[in-house]
Number of protein chains: 4
Amino acid sequence: MSGSTFGKNITVSTWGESHGKALGCVIDGFPAGMELDEGDIQKLLDRRKPGTSSATTSRKEDDLVEILSGVFDGRTTGTPISLMVTNTNQKSSDYSEIAKYYRPGHADYGFDEKYGFRDYRGGGRSSGRETIGRVAAGALCEKLLNKMGITVEAYTRSIGDVEIDESCLKDLSPRLTTPTAMPDVIADKRAMELINATREKNDSLGGVIECRIKGVPAGIGEPVFDKLDALLARSVMSIGAVKAVEIGDGISVATYYGSQNNDAFEAVGNRISKKTNHSGGILGGISDGSEIILRAYVKPTPSIASTQETINNEGENITINIKGRHDPVVVPRAVVVVESMCAITILDLMISNMSSKADSIIQFYK
Amino acid sequence: MSGSTFGKNITVSTWGESHGKALGCVIDGFPAGMELDEGDIQKLLDRRKPGTSSATTSRKEDDLVEILSGVFDGRTTGTPISLMVTNTNQKSSDYSEIAKYYRPGHADYGFDEKYGFRDYRGGGRSSGRETIGRVAAGALCEKLLNKMGITVEAYTRSIGDVEIDESCLKDLSPRLTTPTAMPDVIADKRAMELINATREKNDSLGGVIECRIKGVPAGIGEPVFDKLDALLARSVMSIGAVKAVEIGDGISVATYYGSQNNDAFEAVGNRISKKTNHSGGILGGISDGSEIILRAYVKPTPSIASTQETINNEGENITINIKGRHDPVVVPRAVVVVESMCAITILDLMISNMSSKADSIIQFYK
Amino acid sequence: MSGSTFGKNITVSTWGESHGKALGCVIDGFPAGMELDEGDIQKLLDRRKPGTSSATTSRKEDDLVEILSGVFDGRTTGTPISLMVTNTNQKSSDYSEIAKYYRPGHADYGFDEKYGFRDYRGGGRSSGRETIGRVAAGALCEKLLNKMGITVEAYTRSIGDVEIDESCLKDLSPRLTTPTAMPDVIADKRAMELINATREKNDSLGGVIECRIKGVPAGIGEPVFDKLDALLARSVMSIGAVKAVEIGDGISVATYYGSQNNDAFEAVGNRISKKTNHSGGILGGISDGSEIILRAYVKPTPSIASTQETINNEGENITINIKGRHDPVVVPRAVVVVESMCAITILDLMISNMSSKADSIIQFYK
Amino acid sequence: MSGSTFGKNITVSTWGESHGKALGCVIDGFPAGMELDEGDIQKLLDRRKPGTSSATTSRKEDDLVEILSGVFDGRTTGTPISLMVTNTNQKSSDYSEIAKYYRPGHADYGFDEKYGFRDYRGGGRSSGRETIGRVAAGALCEKLLNKMGITVEAYTRSIGDVEIDESCLKDLSPRLTTPTAMPDVIADKRAMELINATREKNDSLGGVIECRIKGVPAGIGEPVFDKLDALLARSVMSIGAVKAVEIGDGISVATYYGSQNNDAFEAVGNRISKKTNHSGGILGGISDGSEIILRAYVKPTPSIASTQETINNEGENITINIKGRHDPVVVPRAVVVVESMCAITILDLMISNMSSKADSIIQFYK
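Remember, predicted model here, so these are calculated numbers, not experimental data.

Description of the sheet that holds strand 8 (residues 151-159) of chain C
Phase 1: Spatial strand order, 9(C)-8(C)-10(C)-16(C)-11(C)-11(D)-16(D)-10(D)-8(D)-9(D): 10 strands in an open sheet with antiparallel pairing. Each edge of the open sheet carries a strand with a single partner, namely strand 9 (162-163) of chain C together with strand 9 (162-163) of chain D.
Phase 2: Here strand 10 (residues 207-214) of chain C pairs with strand 16 (residues 292-298) of chain C via seven bridges, running antiparallel. Within strand 16 of chain C, the position partnered with C:Cys211 by the bridge is C:Leu294.
Phase 3: Across the sheet, helix 7 (residues 331-353) of chain D is in contact with strand 8 (151-159), strand 10 (207-214) and strand 16 (292-298) of chain D; its angle to strand 8 of chain D comes to roughly 150 degrees.

Notes on the pattern of salt bridges
Phase 1: Applying the stated criterion to the full structure yields 117 salt bridges over all chains.
Phase 2: Where A:Asp112 meets A:Arg118, a salt bridge forms, and the shortest distance between an N and an O atom there is 3.3 Å.
Phase 3: What makes A:Arg118 buried here is its relative accessible area of 9%.
Phase 4: For D:Lys214, the salt bridge is made with D:Glu153, and the minimal N-O distance between the two is 3.9 Å.

Concerning the interface of chain C and chain B
Phase 1: Each partner contributes to the interface: chain C provides 24 residues, whereas chain B provides 24 residues.
Phase 2: Counting the surface lost from both chain C and chain B, the interface buries some 2300 Å², and carbon and sulfur atoms represent 70% of this.
Phase 3: When the buried area of chain C at its contact with chain B is split by residue, C:Met354, C:Ile361 and C:Tyr365 rank highest and sum to 27% of it.
Phase 4: In this assembly, chain C and chain B are joined by zero salt bridges.
Phase 5: At the junction of chain C with chain B, the criterion picks out 10 residue pairs in polar contact (both at pLDDT 80 or more).
Phase 6: Elements supplying a minimum of two residues to the side of chain C that touches chain B: helix 3 (131-147), helix 7 (331-353) and helix 8 (358-364) of chain C.
Phase 7: Considering every element that reaches the side of chain C that touches chain B, the biggest residue donor is helix 8 of chain C, with five residues.
Phase 8: For the side of chain C that touches chain B, the per-class residue count stands at 15 nonpolar, six polar and three charged.

Let's talk about the relation of the copies chain B and chain A
Phase 1: Take chain B, turn it by 180 degrees, move it 0.0 Å along the axis, and it overlays chain A with an RMSD of 0.0 Å. Such values leave the two copies arranged in the relation of a two-fold axis. Taking C-alpha positions as reference, the residue of chain B nearest the rotation axis is B:Arg234, located at 2.4 Å.
Phase 2: Of the interface residues in chain B, 100% have counterparts in chain A that sit at the interface too, so the contact is made through matching surfaces.

Points about the sheet that holds strand 2 (residues 11-16) of chain C
Residue and element names in this part refer to chain C.
Phase 1: Pairing in this open sheet of five strands is antiparallel, and the strands run 1-2-3-7-4 from one edge to the other. Each having just a single partner strand, strand 1 (5-6) and strand 4 (65-67) make up the two edges of the open sheet.
Phase 2: With six bridges connecting them, strand 3 (residues 22-28) and strand 7 (residues 81-86) associate as antiparallel partners. Within strand 7, the position partnered with valine 26 by the bridge is serine 82.
Phase 3: Across the sheet, helix 1 (residues 38-45) lies against strand 4 and strand 7, angled at about 150 degrees from strand 4, the strand it touches most.

About the thresholds
- Residues numbered from 1 in each chain as written.
- Chains lettered and ligands numbered in written order.
- Predicted model: local features only at pLDDT ≥ 70, side-chain atom pairs only at ≥ 80, totals over all residues.
- Heavy atoms only, no water.
- Pairing = 2+ DSSP bridges.
- Helix = DSSP H or I, 4+ residues; strand = E, 2+ residues; numbered from the N terminus.
- Contact = heavy atoms within 4.5 Å.
- Axes fitted to C-alpha atoms, helices over the stretch in contact; angles between N-to-C directions.
- Salt bridge = Lys/Arg side-chain N within 4 Å of Asp/Glu carboxyl O.
- Buried < 20%, exposed > 50% of the residue type's maximum accessible area, 1.4 Å probe, protein only.
- Buried area = accessible area lost by both parts, 1.4 Å probe.
- Polar contact = N/O pair within 3.5 Å; in protein donor to acceptor, adjacent residues only side chain to side chain.
- Nonpolar A, V, L, I, M, F, W, Y, C, P; charged D, E, K, R; others polar.
- Least-squares fit on C-alpha atoms with pLDDT ≥ 70 in both.

The values reported here are purely geometric and, on their own, carry no functional implication.
See below:
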C-alpha cells in the first residue's frame, strides 16, 4: 500500500479528497533558506483553478493555499512544509447518485475492488483535486530551479485535432493567459470553438501537453532505474488522465534510421552542444545539456452527459447520464500539473547528483 | 545517487558492466517456497541472447546464470537471491578507440559529466548487458505470476515500418521462435529483409514492443504516485533505448471524444467486465480486470558504422565510424526485458495490495 | 535531507513546529475499512497532554485533533489520513531570548549549522510537540493491532532513582491515571515527591520507559537490516530525549553466560513457547512468539532554570537561566510516544510479513 | 518483505548464506573517483576472520574478497560495486543434526514460522557470515570518511566482567592486534583467560563494543526519524547478537539531573565546542561537533556444547548438545562489523546533509 509520496531527497506527500475538509501536501527535505510566501504557491495554483473560462468546469474553487509549517521569517527552514487548501465549494449532493454505479472511464470500480468501498463524492481520492498538492509542491521546486537558471515550461500542444503552430514556441508566454494554456492565440481560439461545440454535444475532448525544461546541466539522472526519463515518465504518467508519455521525438523514433536519430555532438567555443535534439535532452537516462522535451497524452474527460452503459451496485446493466459540473477537457488545467511534476523530479535528481563524485563530497566538507 | 534498485516489497538491484568480470542482480523480498533452478531463469535469458540470427550482433554471449544464494533444496528461501552471469566473450580491445570520443546517441558524455570519467568498454554500465540482471529477476516474478494464472507476454509489434498483422495476436507463441520476436511469421520475414538491407547501409532500425498481461485482478496499483501505469511507465522507460510508453490506446486518446474513449462496464453473469478496452486495463492508475496493454517505442541502435560527426576528448570536432559488433536493431532482444520489467512491477504491486483492507490483515493473522 | 517519514507499507510523515500554526501527520497506506473517529486518536493524545499535574509543564495545550482526509462514513478509506492539531496556546514572546544563544542539551547549535538559521520559538521542529503526529498515527495502528489481539503497553519504569516494583507488572492499568504514568501507585507518589523537590532546585530528571507488546505471532521482522529489534531501536531512539534502547534483558546480557541467557523452547500442548524470556521476544531479529519487551532511557529535560554556561550568537561565552514553562521530567508524557512508535513499527512489519511465503500470495489471490 | 538493503543515497544490499556458494554485497550510489582495490576491503575483512586465536572458532575461513563491478582503472565509477566472497570451508555435514530442532537463542524457529522452512546449514541467512557484506561495504565508506579527516574506531570495551581501563582510550591502536580487539593489552590477557576457562565449561560469553567517531562536523543527521542516533541505533541493533545500544552516557542519563547531564557550550578561539560530552556528540538527533560515542551490548554466543532443553521438528521436548566449531564469544569479530555499520550510516547522512541549504545547491551548480 501507500503510494502517496514521491521523491527521494525531496519528498512530496499529497493527501485529501475532492469533497473532504481540505487537501494538501507535505514537502520534506526542501532546502532551507529560500524566501517563500503563499503568493509564490498561489501563482501556480491559480493556473489550475477552474471557472475562468468555458474551457473548464463552472465550479468555483478559490483554492487558497495556507502554509502551516516549515517557513519562518519568510524563509524555508529545511523542515517539512505543510500546505493546505480548504475545500469550500463542494456540493456532495451533486454526487449522491454516482455512489450507486461505476462511471465508465473512472477508477470507481478499481477502488471498490481494492478497498471494499469508496469515498464516491466527486471521485474522492481519484479526483483531479488531488493535484492541488502536487502543484503546491511544484511551485516551491520551480522557484528554486529558477534561481539556478533553469526554467520549466509546460503548455497545451493540442486539443482534439487543433494543434499549435510550431512557430509559437519562440514565445511561450501566451500560455499563461489563454484559456486553453496554448502559447498560440490563433489555435487557442479554434480550440475554444471546438470545446464549446463538443460540450454542446454532451461530449468531451483530450489533448497533448508539452513541457520544455531549459538550463539543466549534463549529468542529471541516475542509471539504471532512476534514469531521468524513467522518473519523468512515472511522474507524468501518475497524473490521472495521462495515457502516454514521450521524450524528445518519442514514438517517431521507432521508424527512424539510426543515422537520422543520432544527434551529432559539436564543440561551440568552450561549450559542448548537439546539432539536433531528437533525444529530447536525455541520452541513456542522463541529461545531455540540451533542452529537455516531453509530451503527455491526455484522454478526454470521462464524465460526460451523454447516455452511457454501465452497471450498478447490484451488478445490473443500466444506462446513465452523468450530471454535475465537469471540465469538457482537462488539458488546460493539467498543464501546470505536468510542469509541477517535472520540476519536482528534476530538482530531486539534481540533489541526488551532488554526491556523484567523491571529490565533490570531500570539497563540500572542507 | 544510487538508482540501481527497483521495487518496494520485492526489490531488484542490478550490478555489472559490459566488460567487467560479471553481471548480475540481487532480488530481495522474493517470497519463500517457490521451486527454482537455473533452468527457470536461463529460459528467459536465452531470449535476450545475441548471435542467434542476423537480427542481432554476431557477438557470442552464452550468458549462463548461476544462483549464488537464496535457494535451498530447490526452493526459494525468502532471503536475497543473488544471480550472476560471468562475462566470457568481452574483447576490450574492440572498444579502446571509443574511449577518446563521445558516441552520438550514447550516454558517454553524460557519464563523464556526472562521474568525471567512465568505464568506456562496451558502454560500461550503460550497456544493454545491464538488462541481464533485469531479465533474471523477471524470470522469477513471471514464474510466480504464472502460478496465479497471470501471463505476461511481450513481443515485437513493429520494426521500422514493418508491423505485425493484428490477426496474429490470437496466438502469440511464434514470438518465441522468430528472430524478430514477432508473433507474425510473415511480418517477421519482411522485417528480417529490412534489417539485412539496413545493416548493409551501415545503418540501424528502431521499433515497437507491445506487452499484454492477462489475469491481473481489478484493484492493483496504488493511488496516487504508485499508480499501476505510472510504475509500468517508469519500469519500461528505464530500459535504455525506450523513448515513449503508452497504455491502452495511448497517444490516440488525445484525439478521441469521451464518448469514444470510455469503456462501458457490463455484467456478464457474475463477472464484471468491459465492452471495450481503450483503457488498456488501467483506470485511474488501478487495474480494471481487463487485459493490460502497453507499448514501448524503441529508438534505432545508436552504434552505426556510417560516418558521424562528434567531438573528441580534447573538445575538437571530428568524424567517426563506429566499429565493433552491434545489433542492427535492439528490439528483438529488448522484448524479454520489457516483459521482465512488467512482471516485476505487477508482482510487487500485487504484494502491496495485500494490505489494502483492514479485514485482510486481520484474516491473515487469524 | 528529508527524514520526516517513517515506515514502509504504512508510512507516517509528521510536520509542524512548536509555535507554528499547527502540527500534524499524514498516514499513508493505512488499510481501509477500520472504524475511526477523532475520539480514537484523542484518547492517546490526551496521554501526552501537559498541564495535568505538577509532573508536567503548566502550559495548557488542548491539542484537539482534526481528521482532514482518509476517513469516510466513519471508516478509513485506504487513502492518506491527514491529522492536524492547531496550535492555540503558544506564546512566542517567551522564547524571544533563546534566539540569541545555544541552549545546552538542545539541538539549537546543530540546526544552525545544518540549515543556516532556525525557528527558535519553543525549539521549532526539535520540540517535543513534534511527537503529536507520532501519537496520532500510533493511535490508529494500536487500534488495528488490538483488533488482532495484540496489545502495546508502555509505562514509566523509573524516574530518577525511583523505580516501580516488579509486582505491579501484573496490572499495568494504573499507568493510565497516575501522573507519572507508572503502574505502581506507591512508586508514583515517591516519584512525584522527587519531581517536586527537583523542580524547586531548578533542576530536572530523567527516567526509564518500558514497553510490553503481547500477542505478536512468531515470524515478524525482516532479516537483515529490517530486523524487528533494529526497527524498534530506530523508532524509539528517534524520540528526542532517548539515549539508549534495550531489548529483553538488554545490557545485562553482556555479562551473562550463554547457558544463562539462552531461553529453552518447550512444547506446551500444541503451542511452542519458551521457559524464560531473556530475549525479550526477539531472536535473530524475528519475533519468537513471546512477549516483546523494550526499554528506553530518557535524559533529564535540558531546559532548566539553573545558571548554565553557553555561548551566544556572537560566539561569546555567557551564562544563562532558561525561563519558560518546562516539564521537570519528560518521561510521563513520552510514555505514549514510545507506545505509539512501537505500534507503528509492529504493524508495518506485520504487513511486510504477509508476503513471506509464495503460497500466501497465491492463496490471497485465489 | 525485503529488508536486506540499508541506506538512502548510498545503499548496501547484502546477500548470501553461511553455507551457500558465496556471500557478498552490492553498494550502490558510492561516489565515483575514489581509488579502490581488493586490499582496501580485505584489510577490514581480515579483522572479522576467525581462526586467529582461541577467542574465535577454529574454523578456517579465508574470506577473500573479489570486486566484480563498479571499479575501473583502479577507481570507483559511481555505478554499483559488487563484492563477493566465495565460501570454501563450509562443511554442511556438521549441521545436518540441527535441521531437526530449534536451537535456543537462535532464529531457527522464527525463520520456520516466517518462511515455512529454512536453510539450516550454519544458520543460513541468520549466520554471522552475513556480516561479510557489511564489512566489505564499510571498508569503502570508512576509506572515504578518512579522506575527510573522519575516523571511525570500534573496539572491545568488555568481555564478561573484564573491562578495559579507560586510560587505554588514549591509544586505540592495540585493538588491531589483540585477539579480543581490546585496546588494553592487560585486560586482553585477562579476557583471554576468561574465554578459555568458559569454553572448557562448554559455555560462552558476551561483552560490550564501543565505537568512537571523530571529525564529524556539526549538523549531520536528519530530523525527525532519520536522526543520527536513530539510524546508528538501527544499524548497530541490526547486527545479530546486539541487545542494547546507547549513545554517549546512555543508560546512565536516566538517573542524572539535568544540571549534570547538560554539556556547556564554550567558544575556544573561533571554534565552538563543549566542556563535557555526556551527549556522545549528538543533540536532538544532530551531530554537535564533538566525538560521537556509542556502545553495543552483545549477548553470549547461543551455540554452546552444554546440555540444553528445546523441541524438535515433531514438537517433542528434547535435550541437545550443540556440536560444531563455534566462537566462545562473538565480540572480537563483531567489533569491525559495528565499525562498518557506523561508517556506512555516517557517510550516508553526510551526503543527505549536502542539500540542507538552498544556497549550497545553487552554489554547487554554479
